[in-house]
Amino acid sequence: EDEFQFICCEGCRKESPNLKLLTCLHTLCLSCLSKNKSIGQCPMCQTAILQVSGIPDLDNLLFTNLQARLSIYKKVIDGVDLLCGNCKKTGEFWCPECEEFLCTRCFEAHQHYLKRESHKAMRVMDIRARSAKEFLKGARKTGNMFCSNPTHKSQIVSIYCKTCKRALCCSCALLDSHHAPFCDIPSETQRRQEELGTLCQQLQQKRRGLEATYVGLKAEAARLERDQREMRELIRQRVEQLVGLVRREEEELLGLVEAGQEQGRQELAKELEQVERVLQRMEAGKRLVEKMKLYATEQEVMDMQPFIKGSLEELQQLQPPVVGDRTQAREFIECRARLQAL
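Notes on the structure in this doc start here.

Definitions and limits used
- Residues numbered from 1 in each chain as written.
- Predicted model: local features only at pLDDT ≥ 70, side-chain atom pairs only at ≥ 80, totals over all residues.
- Heavy atoms only, no water.
- Bend = angle between axes of the 7 residues up to and from the residue.
- Helix = DSSP H or I, 4+ residues; strand = E, 2+ residues; numbered from the N terminus.
- Buried < 20%, exposed > 50% of the residue type's maximum accessible area, 1.4 Å probe, protein only.
- Polar contact = N/O pair within 3.5 Å; in protein donor to acceptor, adjacent residues only side chain to side chain.
- Expected span 1.5 Å × (residues − 1).
- Patch = residues over 30% accessible without salt bridge, like charges linked within 9 Å, V, L, I, M, F, W, Y side chains within 5 Å.
- Areas by Shrake-Rupley, 256 points an atom, 1.4 Å probe, with all protein chains shown as cover.
- Salt bridge = Lys/Arg side-chain N within 4 Å of Asp/Glu carboxyl O.
- Contact = heavy atoms within 4.5 Å.
- Pairing = 2+ DSSP bridges.
- Axes fitted to C-alpha atoms, helices over the stretch in contact; angles between N-to-C directions.

At 3.6 residues per turn, the α-helix brings residues three or four places apart onto the same side. Maximal helix bending in helix 7 (residues 185-295) amounts to about 35 degrees, located at Gln204. All of the buried residues in helix 7 are Ile185, Glu188, Gly244, Glu249, Leu253, Leu256, Gly260, Gly285 and Met292. Where helix 7 begins, one side-chain oxygen reaches toward the backbone nitrogen of Ser187, 2.7 Å away; that side chain belongs to Asp184.

Let's shift gears to helix 8 (residues 298-317). Between the first and last C-alpha of helix 8 there are 28 Å, a value that for 20 residues agrees with the 28 Å anticipated at 1.5 Å per step. Along helix 8, the largest kink reaches about 45 degrees and is centred on Met304; proline Pro306 follows within four residues of it.

Take a nonpolar patch on the surface next. Residues Met231, Leu234, Ile235, Val239 and Val243 make up a contiguous nonpolar surface patch of about 410 Å² in total accessible area. With respect to the secondary-structure elements, Leu234 resides in helix 7. Leu234 sits in the partly exposed class, given a relative accessible area of 33%.

Structurally, Ser16 is set in the segment before strand 1 (19-21). Judged by relative accessible area, which is 12%, Ser16 ranks as buried. Setting aside residues no more than four positions away along its own chain, Ser16 makes contact with Cys29 and Gln67.

A separate point is the sheet that holds strand 6 (residues 159-161). Here we have 3 strands laid out as an open sheet, ordered 7-6-8, and antiparallel in their pairing. Each having just a single partner strand, strand 7 (166-168) and strand 8 (182-184) make up the two edges of the open sheet. Sheet twist, expressed as the average angle between the axes of neighbouring strands with direction ignored, equals 35 degrees. Pairing of strand 6 with strand 8, which is carried by 3 bridges, proceeds in the antiparallel orientation. Looking at the pairing, Cys161 lines up with Phe182 of strand 8. In this fold helix 7 packs onto strand 6, strand 7 and strand 8, with an angle of close to 90 degrees to the strand it touches most, strand 8.

In short, the description is geometric, and any link to function would need to be established separately.
Shown next as structure tokens:
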């Protein structure tokens, strides 16, 4: 049943005698199409349904016919409702041409009147008891070839014309003088079998060569796979080595940067301290001059002014350091060179 789920409606997954094939090649029953009629799209893939009514015109005859055939198979397997299509008695035979079950009596009449029409009704139980291989062998032994001439279509062919390379019935061979020479069908069949056998023997040598080529190609494919695997491993190892080298270089460069930064911090700290001291001296001088102007006596001015003047003149001579014009630390220069080389 799982193998034939495809014959069900793809929307509701149920069997239906009214299956429609959409332009998107999905198959839906009328019930599912009616539910989606207002949308106008396939519920499976949302492809627009071209028909204005929302119901496609094309029936999926393949799925519908498969459902009918499978229902007959299920009847045969289950053994229920096997009624003769003629007299409604218990059916013991099945004719695939007539698509009817037959009771024993109707089967005999069927065989009598339709045996020339290739209607080979068989007992259901006999078919079940046989293996597929046995069934095919029996069909080959009992199979007959019929004349291709429309006026002799009921005649069994038994003669082979070597000139036109065609199987003939006796009537065709006698009425048409162009057919010659003749041989019987079994002889021609045997000849063709032997011809095929001879060709197979001739091909054995070529096959051995092809087999050797196949083995060589397989070995080459294995070698290519091995080389590819080894190269991938080599690339991985080399990349790991490079990554390790880069990581070690990173650690060393970061160490140099840290050392250079520490040196720069120390130098800047000294300069900041010096500038801060000068600023403190200037602030003290300014404050002292302001206080003398407000509160100093003549005697105090005369005694202190030369000393204060000397200190202020000394401050006046000091030159502040230039901001932003510092040479890079030796470590930074080395880092840049190593980065460029890396």
